Amino acid sequence: MVALKDQLRSMMDPAAFQKMKYTISTGYDLLLPPTTRMNWCKEVWSRLNIPKHNVIAWLAMLNRLKTLDRLLRFGVQVTSVCCLCNLQMETCQHLFFECSVAGQCLLEVMKWLGWHAKTSNLQQLLRLIGRSKLSKFKKDTLAAATIGLVYSLWRTRNDVIWQKSSVNPYRIIEETKWTIKS
């Protein structure tokens, strides 16, 4: 208890600390580390999104998907080449949307929606959606399409690895469109 009191005293000016009315909640707020605002939360957890899409997008935004580069860091013996394009190392950043296959799919979905974004980075895409001067419904639709595409790419990637299926960008695009429409 004394150590906690000393820690609080070192965080604030003693005169200011004595003048303020102390409550448990203010002490708790002082001890919490500063939080960073997640600019993408509203887009990822939008009501129009399918819950399983939300979870995959959330993990992608936090860079917690089990991509091949992360598996290598964990000590799993796998090849690190992206299974969609077979050109670069598979990272979350590469998979969404630096990969040529993923980039092609993103361009087609954006063309379908009449959306002209200049970025191919997932974090920047969601930030652009959130900051755009569009109606809430249009923002939610763009977010649902982007997050649906993330899910479709992740699912296709897993099918290629585990089921030995082939990569078909047009199937990914059609699956994403069908999911968003229904």
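Residues numbered from 1 in each chain as written. Predicted model: local features only at pLDDT ≥ 70, side-chain atom pairs only at ≥ 80, totals over all residues. Heavy atoms only, no water.

A look at the nonpolar core
Keep this limit in mind: The nonpolar core is taken to be a set of buried Ala, Val, Leu, Ile, Met, Phe, Trp, Tyr and Cys residues, with the residues joined through side-chain atoms within 4.5 Å. For every residue, the accessible area (1.4 Å probe, protein chains only) is compared with the maximum for its type, and the residue is labelled buried under 20%, exposed over 50%, or partly exposed between those bounds. Only DSSP runs of H or I reaching four residues or more are called helices, and only runs of E reaching two or more are called strands; each is numbered from the N terminus. Contacts are assigned to residue pairs with any non-hydrogen atoms lying within 4.5 Å of each other.
In terms of nonpolar packing, the biggest core is built from 39 residues, with F96, F97, W115, L122, L126, L149 and L153 touching the most fellow members. Among the elements of the structure, α5 (51-61), α7 (92-98), α8 (100-113), α9 (122-131), α10 (136-163) and α11 (169-181) are those that each provide at least two residues to this core. The biggest single contributor to this core is α10, with 9 residues. The residues touching L149, leaving out its near neighbours within four places in the chain, are F97, C105, L106, V109, I172 and T176.

Observations concerning the environment of N49
Relative to the assigned elements, N49 resides in the loop between α4 (41-44) and α5. In this structure N49 comes out as buried when scored by relative accessible area, which is 7%. Residues N49 and I180, spaced 131 residues apart in sequence, show a C-alpha to C-alpha distance of 8.5 Å.

A few points about the packing of α10 against α11
Operational definition: Convention adopted: a line fitted to C-alpha atoms gives each axis, helices being fitted over their contacting stretch, and angles between N-to-C directions are expressed from 0 to 180 degrees. In what follows, roughly perpendicular refers to angles from 65 to 115 degrees, roughly parallel to angles under 35, roughly antiparallel to angles over 145, and oblique to any angle outside these ranges. By convention the crossing between two helices is left-handed if the near helix lies anticlockwise of the far one by an angle smaller than a right angle, and right-handed if it lies clockwise. In this classification, the charged set is Asp, Glu, Lys and Arg, the nonpolar set is Ala, Val, Leu, Ile, Met, Phe, Trp, Tyr, Cys and Pro, and all remaining amino acids, among them Gly, are polar.
Direction vectors running N to C along α10 and α11 enclose 135°, while the axes themselves pass 9 Å from each other. In terms of axis orientation, α10 runs oblique to α11. Read as a crossing pair, α10 and α11 show a hand that is right-handed. Of the residues in α11, those touching α10 at A144, A145, G148, L149, S152, L153, R155, T156 and D159 are R171, I172, E175, T176 and I180. Residue composition of the contact of α10 with α11, grouped by class: 6 nonpolar, 4 polar and 4 charged.

A few points about α11
Our working definition: Helix span, as expected, comes to 1.5 Å for every residue beyond the first. Throughout this description, a polar contact denotes any pair of N or O atoms lying within 3.5 Å of each other; where both atoms belong to protein, one of them has to be capable of donating a hydrogen while the other can accept it, and for residues adjacent in sequence the pair is counted only when both atoms sit in side chains.
Taking 1.5 Å of rise per residue, the 13 residues of α11 would be expected to cover 18 Å, and the 18 Å separating its terminal C-alpha atoms lies within 8% of that figure. Along α11, the residues that are buried comprise P169, I172, I173, E175, T176, K177 and T179. Elements in contact with the buried residues of α11: α5, α8 and α10. For α11, the side-chain oxygen to backbone nitrogen distance between the N-cap and Y170 is 3.2 Å, and the N-cap itself is N168.

Here's the deal with the packing of α5 against α10
One way to put it is that α5 packs onto α10 with a least axis distance of 9 Å and a crossing angle of 85°. Classed by the angle they form, the pair α5 and α10 counts as roughly perpendicular. In this structure, α5 contributes K52, H53, N54, I56, A57 and A60 to the contact, and α10 contributes I147, G148, V150, Y151 and W154. Looking at the contact of α5 with α10 residue by residue, the classes come out as 7 nonpolar, 3 polar and 1 charged.

Comments concerning the pattern of salt bridges
Cut-off, in case you're wondering: Within this document, salt bridges are pairs made up of a side-chain nitrogen of Lys or Arg and a carboxyl oxygen of Asp or Glu, the two lying within 4 Å of each other.
Throughout the structure, instances matching the rule amount to 6 salt bridges. D69 is the partner of R73 in a salt bridge, and the nearest nitrogen-oxygen pair spans 3.5 Å. Of this pair, R73 and D69 both sit in helix α6 (residues 68-73), 4 residues apart, roughly one helical turn. Take D69: its relative accessible area is 11%, and that puts it in the buried class. Close ionic contact of R155 with E175 constitutes a salt bridge, the shortest N to O distance being 3.9 Å. With R155 in helix α10 and E175 in helix α11, this pair connects stretches of sequence that are 20 residues apart. You can call R155 partly exposed: its relative accessible area is 40%.

Comments concerning the environment of E175
In the structure, E175 is positioned 72 residues away from G103 in sequence and 16 Å away in space, judged by C-alpha atoms. Ignoring anything within four residues of it in the chain, the contact list for E175 reads S152 and R155.

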